[in-house]
Amino acid sequence: MRRPGRGFAMAMPPMLLILGFVGLPIVTAGLYSLGHFGGLNSTTAAIGQHQHEATTWWGTLGAYTEVLSNPRFRSDLAATVGVTIVSTAIVMVLAIGIALYQRFSDSALAKGLAVLSIVPMFIPVVIGSWAILTFYSGTGFVRTVLAQVGIDGPVWAYTQTAVVIGSVWTSLPFAVLMVTSGVQAVPDALIDAARDAGASRARTAAGIILPIAAVPIVIAVTFTSIGVLGSFTVPYLTGPNAPAMLGVDIANYFQAFNQPQQSIVMAFVVFALASAIGAFYVWANFRSASGAVR
Amino acid sequence: MDRVARTLLGVVVAGLCLFVFGPLLWLGAHAFVSNWTYPHLLPDGLTLRWWRVVLDDPNLAAAVQNSLTFAPLTVLASAVICLPAAYAFARHDFFGRRTMLIGLFATNAFPKMGLFATMASLFYALDLMQTVLGILIVHVIGTVVFMTWIPAAAFAAVPRSLEEAARDAGARPLRVFFTVTLPLALPGILVAAIMSFLASFDEAQGTYLIGAPDYMTMPTQMYSLVLNYPKQVAAVFSLMLSAPSVLLLLLVRRQVMGGHLAEGFQIR
Amino acid sequence: MSRAPDPRVVTEAITPKGLRIRGLRKVFGEKVVVADFDLDVRPGELVSLLGPSGCGKTTTLRMVAGFLAADAGRIEIDGSDVVRLPPDRRPSAMVFQNYALWPHMSVFKNVAYPLKLRRLPKAEIERRVLGVLELVDLAHHRDSRPATISGGEQQRAALARALVQEPHVLLLDEPLSNLDSKLRVKVREDIRELQQRLGITTVLVTHDQDEALSMSDRVAVMNDGRIEQFSAPDELYDAPRTSFVANFVGQLNTLPGVVTGGRVAPRDGILTCVRPEHTTCVAPGSGDLDGIVRRVVPRGAFQEVVIDLDSSGDEPTGGSTTVRSMAVRPDVSPGQRVGLRLERPMSFRDGARVDSPAPTHTPGR
């Protein structure tokens with residue numbers, strides 16, 4: 001029970017699985033992106049086109065310079081970051097609103113709203129995306145209803161708007177669950193004390209509840225933005241051909257364009273962005289663990 | 001003032017309802033119509049013939065079967081691999097514990113599509129392409145975070161005094177685990193299992209890359225369906241594909257809402 | 001400078017009238033938790049609501065603070081009815097049982113928060129917060145987080161946060177229940193002293209009779225959502241009007257009948273009650289009743305003697321009644337036959353006092 005070795009051994013199976021099937025491929029992919037074509041990379045390198053082979057002992061940045069200077073990639077990157085920021089912002093506003101409403105009102109409506117918002121978690125993403133596409137398409141529900149009153153409604157299918165709608169739709173449940181549980185965990189007495197001190201509900205929410213629930217909120221922001229950043233299904237089904245989200249680009253360059261090296265480089269760009277967001281999450285967790293909050 | 005707030009709330013709730021359910025209902029309705037001509041509010045006619053198309057297609061039936069096999073298998077494999085680790089993270093302090101917990105998180109940070117692209121060469125080398133094991137590995141990897149973090153938090157939340165009381169009453173450690181710790185942590189483990197089931201059931205990109213065309217699951221089949229069949233067929237298939245998870249939602253809503261999920265995502 | 005018409009800002013203009021509660025009522029489902037409750041607290045007075053858990057005392061306090069909506073009744077603070085106001089607009093301030101200090105703010109920020117909400121100038125906030133921290137002897141912890149200071153200090157920080165609001169009514173919800181027993185005695189004296197010095201109208205909720213008796217000007221003993229008795233502490237002890245109050249405040253020997261001719265005789269459901277400290281051991285046959293000493297329990301400053309009364313033949317249960325006597329060094333030992341002298345007996349029927357409750361001492365029998 002107290003032997004540290006046993007705990008370490010028990011933790012090993014998932015760690016080895018991750019190391020072998022995620023860590024190792026990422027490392028070899030990293031080497032491949034630098035132009036090392038041997039070993040595990042030989043199969044991919046044999047069929048890939050437009051590859052940059054290592055010229056020095058550590059490799060070459062040829063693939064990186066090519067991708068990063070590609071104007072199409074740049075506009076795709078900008079679109080990806082833009083969609084991520086907008087979607088995350090909308091998701092958080094909705095999630096915080098729903099969580100606070102539930103905290104202040106124990107009506108059936110408040111509970112119903114929370115249940116409603118987690119429904120998309122149980123619908124496969126492919127279906128959600130497809131449903132959203134048809135709902136906002138040229139012959140979809142929105143335009144059909146507006147046509148009844150003589151308005152020519154917008155066609156959002158295959159636009160960045162549809163990607164944002166789809167991303168919000170699929171990300172909402174997790175964010176609502178995280179934020180709701182964080183907000184519910186704030187003790188009643190702390191809220192009563194603020195009300196007693198003269199704070200309105202809005203002031204109580206801004207000054208007391210949200211700061212105390214900061215860690216779950218940061219977690220929700222992190223996972224939502226990382227999820228949208230690397231998403232494939234939603235933009236693939238609902239988004240425009242250009243500018244495309246990077247998740248779609250990675251797939252296209254790998255399969256359709258047969259340029260695996262460029263595809264990997266893009267994956268690493270997304271990884272770098274996600275890691276930066278991830279660092280924020282780790283920082284927030286450690287800050288809370290060190291006793292600053294609670 | 002109060003009336004304004006009330007009206008505003010009503011509009012927001014109605015809007016959210018439409019936002020979440022609208023697309024699903026719109027798509028679902030298409031499963032029962034012969035055709036829907038824009039801009040008519042009502043469909044041209046009702047029919048069940050699209051269901052026949054789906055039910056008669058052997059490919060689609062196979063996909064249903066594959067999905068319903070892989071998802072439980074994934075949950076089982078993931079539980080066996082991850083639950084001991086979850087317990088260790090909750091109750092033991094060992095070298096590299098924090099690093100490992102964060103390392104698991106890194107699997108989420110690397111874009112899935114990029115990961116599958118990079119995994120492909122390894123799978124070729126190990127001869128895992130188009131194998132059940134290969135698909136299973138892809139699915140389990142997608143569940144490791146859920147199956148480790150959420151149960152770890154659930155184990156950690158079991159008060160040590162309850163375990164100590166059982167030890168004091170004369171139970172050996174393993175008995176304490178099975179009679180006290182595990183039952184108390186079960187709701188959290190159940191949530192992890194549900195999340196894993198949904199993740200596996202939802203997984204399309206990796207499965208397609210590794211398993212196609214031998215092993216098609218419902219989501220991978222959905223991609224080709226969307227491109228090759230009339231909208232109504234995809235609608236029928238969507239309803240069928242949603243059924244198991246919606247059933248799950250109705251069964252376990254309370255557990256998922258109970259905060260175990262949120263608890264699990266805070267690294268301690 | 002224009003200010004919102006906040007009742008607390010215009011303190012000076014209002015003649016203090018204290019707290020006045022009339023016909024307050026709260027029902028949870030089927031259960032009447034607070035029933036037609038009346039209470040008057042005079043300006044500058046400290047009144048305790050004392051009772052067992054579930055008696056409605058906390059519910060009453062939360063209705064006064066505004067966290068619970070009253071089903072009926074009026075709550076007047078200094079003459080104006082606040083029963084429809086939300087908690088943030090009532091001129092009351094509360095000290096919570098677990099202090100409810102906001103963990104993400106320093107002690108200073110916790111105390112300053114109510115003043116910030118009132119949009120006071122920064123310098124004035126600083127002055128008033130430091131003043132009140134000085135008052136509760138916490139100035140050295142102004143920048144500490146609540147989690148890093150001791151329980152007693154947290155308690156004082158919570159008190160400071162309430163006092164800084166200069167409330168018309170200070171509400172204390174079991175403020176000492178999380179402190180250890182030594183500290184509790186000191187803190188209750190500190191609070192009482194501060195309350196008297198500042199002259200704040202105060203309502204204290206507690207289940208601890210020591211706390212209520214030692215801190216209050218008057219105590220309202222509550223049972224089942226009603227006030228059983230509302231009196232000064234001494235009177236509560238000397239002249240309880242119901243057997244519930246007699247039992248709850250102090251200890252009690254209960255005899256199933258009236259004491260006559262050296263035995264306990266049942267009569268019309270009357271119970272005779274005598275406090276252990278008014279029960280004295282004397283020579284056998286020379287007191288009101290006789291019995292055998294079962295145990296002598298050392299209690300430090302005094303001893304508690306447990307005596308089995310001689311069973312009387314016509315007692316329905318046939319068993320013996322046990323009484324307790326408190327005395328300093330009683331000259332008795334277990335197994336010894338003793339007589340008991342009962343002073344200041346009280347008679348109750350159906351819980352109500354049937355002899356005249358005498359506030360003054362009537363020695364002997």
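The rules behind each value
Residues numbered from 1 in each chain as written. Chains lettered and ligands numbered in written order. Predicted model: local features only at pLDDT ≥ 70, side-chain atom pairs only at ≥ 80, totals over all residues. Heavy atoms only, no water. Contact = heavy atoms within 4.5 Å. Buried area = accessible area lost by both parts, 1.4 Å probe. Salt bridge = Lys/Arg side-chain N within 4 Å of Asp/Glu carboxyl O. Polar contact = N/O pair within 3.5 Å; in protein donor to acceptor, adjacent residues only side chain to side chain. Helix = DSSP H or I, 4+ residues; strand = E, 2+ residues; numbered from the N terminus. Nonpolar A, V, L, I, M, F, W, Y, C, P; charged D, E, K, R; others polar. Buried < 20%, exposed > 50% of the residue type's maximum accessible area, 1.4 Å probe, protein only. 1 Å grid on protein atoms, 1.4 Å probe; cavity = no way out; pocket = protein on both sides within 12 Å on 5 of 7 lines; lining within 4 Å. Points joined across faces, edges and corners; volume = space filled by probe spheres on them. Expected span 1.5 Å × (residues − 1). Bend = angle between axes of the 7 residues up to and from the residue. Pairing = 2+ DSSP bridges.

Novice: Explain the interface of chain A and chain C to me, please; I cannot follow it from the model alone.
Specialist: Contacts between chain A and chain C engage 19 residues on the former and 25 residues on the latter. When chain A packs against chain C, close to 1800 Å² is buried across both sides, 59% of that on carbon and sulfur atoms. Its salt-bridge partner being Arg62 of chain C, residue Asp192 of chain A comes within 2.8 Å of it at the nearest N-O pair. At the boundary of chain A with chain C, the tally comes to six residue pairs in polar contact (both at pLDDT 80 or more). For the side of chain A that touches chain C, the secondary-structure elements that each account for two or more residues are α9 (188–196) and α10 (201–212) of chain A. In terms of residues, the side of chain A that touches chain C owes the most to one element, α9 of chain A, which gives seven residues.

Novice: Please explain the interface of chain A and chain B as it appears in this structure.
Specialist: How big an interface is tends to be expressed through the accessible area that disappears when the partners come together. Contacts between the two partners involve 94 residues from chain A and, on the opposite side, 90 residues from chain B. Taking both sides of the interface into account, the surface hidden between chain A and chain B amounts to around 8400 Å²; carbon and sulfur atoms contribute 81%. Among the residues chain A hides against chain B, the three largest losses belong to Phe21, Phe122 and Trp130 of chain A. Together they make up 10% of the total. Across the contact surface, chain A and chain B share zero salt bridges. Taken together, the connections running from chain A to chain B amount to seven residue pairs in polar contact (both at pLDDT 80 or more). Top contributing element to the side of chain A that touches chain B by residue count: helix α1 (residues 4–33) of chain A, with 18 residues. Of the residues belonging to the side of chain A that touches chain B, the class tally is 71 nonpolar, 19 polar and four charged.

Novice: I'm lost on the pattern of salt bridges in this one. Help?
Specialist: If charged atoms from side chains of opposite charge come close, those side chains can pair. On inspection of all chains with the given rule, the structure shows 30 salt bridges over all chains. Ionic pairing is found between Asp152 of chain A and Arg143 of chain A, a salt bridge with its closest N-O pair at 2.9 Å. Of the charged contacts, one joins Arg42 of chain C and Glu45 of chain C as a salt bridge, the two residues approaching to 3.5 Å between their closest N and O atoms. With a relative accessible area of 5%, Glu45 of chain C lands in the buried category.

Novice: I tried to follow empty space enclosed by the protein on my own but got confused; where do I start?
Specialist: Where empty space is left in the structure can be found by rolling a water-sized probe over the atoms. All told, the structure shown has eight cavities of 30 Å³ or more when counted by the stated rule. Approximately 1200 Å³ is the volume attributed to the largest cavity. Taken together, 40 residues make up the lining of the largest cavity; nearest its centre are Val125 and Gly227 of chain A together with Lys112, Phe146 and Asp202 of chain B. A per-class count over the lining of the largest cavity returns 24 nonpolar, 13 polar and three charged. The volume enclosed by the second largest cavity comes to roughly 60 Å³. Every element with two or more residues in the lining of the second largest cavity is listed here: α1 of chain A together with α5 (112–125) of chain B. Considered class by class, the residues forming the lining of the second largest cavity number five nonpolar, five polar and no charged.

Novice: When you look at the arrangement of the chains in this model, what are you seeing that I'm missing?
Specialist: The pair of protein chains exhibiting the most contacts, out of two pairs of chains in contact, is chains A and B. If you take every C-alpha in chain B and every C-alpha in chain C, the smallest gap between them is 15 Å, and the two do not touch.

Novice: Can you walk me through helix α9 (residues 173–202) of chain B in this structure?
Specialist: Since the α-helix turns once every 3.6 residues, residues separated by three or four places project in the same direction. For α9 of chain B, with 30 residues, the first-to-last C-alpha span of 38 Å runs short of the 44 Å given by 1.5 Å per residue. Along α9 of chain B, the helix axis deviates most sharply at Leu186 of chain B, where the bend reaches about 55°; the proline Pro187 of chain B sits within four residues downstream.

Novice: When you look at the layout of surface pockets in this model, what are you seeing that I'm missing?
Specialist: Here the largest pocket defines a volume of roughly 840 Å³. Forming the boundary of the largest pocket are 25 residues, of which Phe104 and Arg201 of chain A together with Gly66, Phe67 and Leu68 of chain C lie nearest the centre. Elements with a contribution of two residues or more to the lining of the largest pocket: α4 (71–104) and α9 of chain A together with β4 (72–77) of chain C. Grouping the constituent residues of the lining of the largest pocket by class yields 11 nonpolar, four polar and 10 charged.

Novice: Explain α10 of chain A to me, please; I cannot follow it from the model alone.
Specialist: In this model α10 of chain A runs 15 Å from its N-terminal to its C-terminal C-alpha over 12 residues, within 8% of the 16 Å that 1.5 Å per residue would give. For α10 of chain A, the full list of buried residues reads Thr204, Ala205, Gly207, Ile208, Ile209 and Ile212 of chain A. Here the buried face of α10 of chain A lies against α4, α8 (160–184), α9 and α11 (214–229) of chain A together with α2 (107–117) of chain C.

Novice: Explain the pairing of β4 of chain C to me, please; I cannot follow it from the model alone.
Specialist: Residue and element names in this part refer to chain C. Bridge count between strand β1 (residues 19–28) and β4: five bridges; the pairing is antiparallel. Note that in β4 the partner of Arg22 across the bridge is Arg74. Bridge count between β4 and strand β5 (residues 80–81): two bridges; the pairing is antiparallel. In the sheet register, Glu76 faces β5, and the bridge partner there is Asp81. Linking β4 to β5, which pair antiparallel, is a turn of two residues; within it Asp78 sits at a positive phi near 50°.

Novice: Mind showing me how you'd approach unusual backbone geometry here?
Specialist: Glycine aside, residues mostly have negative phi, and peptide bonds are mostly found in the trans state. Following Ala242 of chain A, the chain continues into Pro243 of chain A via a peptide bond in cis, with omega recorded as -5°. On the secondary structure map, Pro243 of chain A appears in the loop between α12 (233–238) and α13 (246–256). One non-glycine residue, Asp36 of chain C, lies in the positive phi region at around 40°. Judged by its relative accessible area of 48%, Asp36 of chain C falls in the partly exposed class. One non-glycine residue, Tyr99 of chain C, lies in positive phi territory at about 75°. Along the chain, Tyr99 of chain C falls in the loop between β6 (92–95) and α2. For Tyr99 of chain C, a relative accessible area of 4% translates into the label buried.

Novice: Is there a simple way to think about the pairing of strand β19 (residues 337–342) of chain C in this case?
Specialist: Consecutive side chains along a regular strand alternate between the two faces of the sheet. With four bridges connecting them, strand β15 (residues 279–282) of chain C and β19 of chain C associate as antiparallel partners. Within the sheet, the bridge partner assigned to Thr280 of chain C lies in β19 of chain C and is Arg341 of chain C.

Honestly, it's all geometry; don't read function into it.
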